[in-house]
Amino acid sequence: MLPVVTAGDGGARVVGVLRYRDAFAATYDRDEGHASMPVAAAMTPATSTCRASDSLGVGLRQLRRSGDDAVPVLDDQGYLVGMLSFP
């Protein structure tokens, strides 16, 4: 899973995530053209994040609730600083 970001004044703001299954579903049964498809067409909006200042317990609960393999980690201003994931 990859975070999809847009540039902000102080860094990268998360706008979505690109999961393997999103990319596969967007390109499945397409003969050509998937290489030029914009990421925005295949991504899922970011609905689950955690803060770098959260406890690990809070982050892991958020990860479990999301149902995804990873969640974006944001700083106190909402900028991407990493990803929390299961191995």
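The rules behind each value
Residue positions within a chain follow its written sequence, with the count starting from 1. Given that this is a predicted model, residues contribute local features only at a pLDDT of at least 70 and side-chain atom pairs are listed and counted only at 80 or more, while totals for whole chains, interfaces and linings are drawn from all residues. Calculated side-chain values reflect all of the structure's heavy atoms, with hydrogen atoms and water omitted. In this description, a nonpolar core means a group of buried Ala, Val, Leu, Ile, Met, Phe, Trp, Tyr and Cys residues linked to one another through side-chain atoms lying within 4.5 Å. Note on classification: 1.4 Å probe, protein chains only; a residue is buried when its accessible area is under 20% of the maximum for its type, exposed when over 50%, partly exposed between these limits. Contacts are residue-level and defined by heavy atoms, with any inter-residue pair within 4.5 Å sufficient. Pairs of strands are assigned from DSSP output, requiring at least two bridges between the strands. Only runs of H or I of at least four residues qualify as helices and only runs of E of at least two qualify as strands under DSSP, and these elements are numbered from the N terminus. We define a salt bridge as a contact between a side-chain nitrogen of Lys or Arg and a carboxyl oxygen of Asp or Glu at a distance within 4 Å. All axes here are fitted lines through C-alpha atoms, helices being fitted over the stretch that makes contact, and every angle between N-to-C directions spans 0 to 180 degrees.

Caption draft 1: Highlighting the nonpolar core. Cys50, Leu63, Val71, Val73 and Leu84 form the largest nonpolar core, which has five residues in total. If we ignore the near neighbours within four places in the chain, the residues touching Leu84 are Cys50, Leu56, Gly59, Leu60, Leu63, Asp69, Ala70, Val71 and Val73.

Caption draft 2: Representation of the pairing of strand β1 (residues 2–8) in the model. Pairing between β1 and strand β2 (residues 11–18): seven bridges, direction antiparallel. In the sheet register, Thr6 faces β2, and the bridge partner there is Arg13. A loop of two residues connects β1 with β2, the two strands running antiparallel in sequence.

Caption draft 3: Main features of the pattern of salt bridges. Following the criterion strictly, the structure yields three salt bridges and no others. A salt bridge links Asp22 to Arg19, with the shortest nitrogen-to-oxygen separation between them at 2.9 Å. According to the relative accessible area criterion, Asp22 is buried, its value standing at 10%. Looking at Arg19, the relative accessible area reads 17%, which means it is buried. With a closest N to O distance of 2.9 Å, Arg21 and Asp68 form a salt bridge. Highlighted residues: Arg21 in helix α1 (residues 20–27) and Asp68 in the loop between α3 (56–66) and β5 (70–74), separated in sequence by 47 residues. The class of Arg21 is partly exposed, set by a relative accessible area of 47%.

Caption draft 4: Local environment of the sheet that holds strand β4 (residues 50–51). Within the open sheet, the three strands sit side by side as β4-β5-β6. Their pairing is mixed. The strands lining the two open edges of the sheet, one partner per strand, are β4 and β6 (80–85). Of the strand pairs in this sheet, β4 and β5 are connected by two bridges, and their pairing is parallel. By the bridge assignment for β5, Arg51 is matched with Leu74. Against the sheet, α3 makes contact with β4, β5 and β6, and its axis sits at roughly 70° relative to β6, the strand it touches most.

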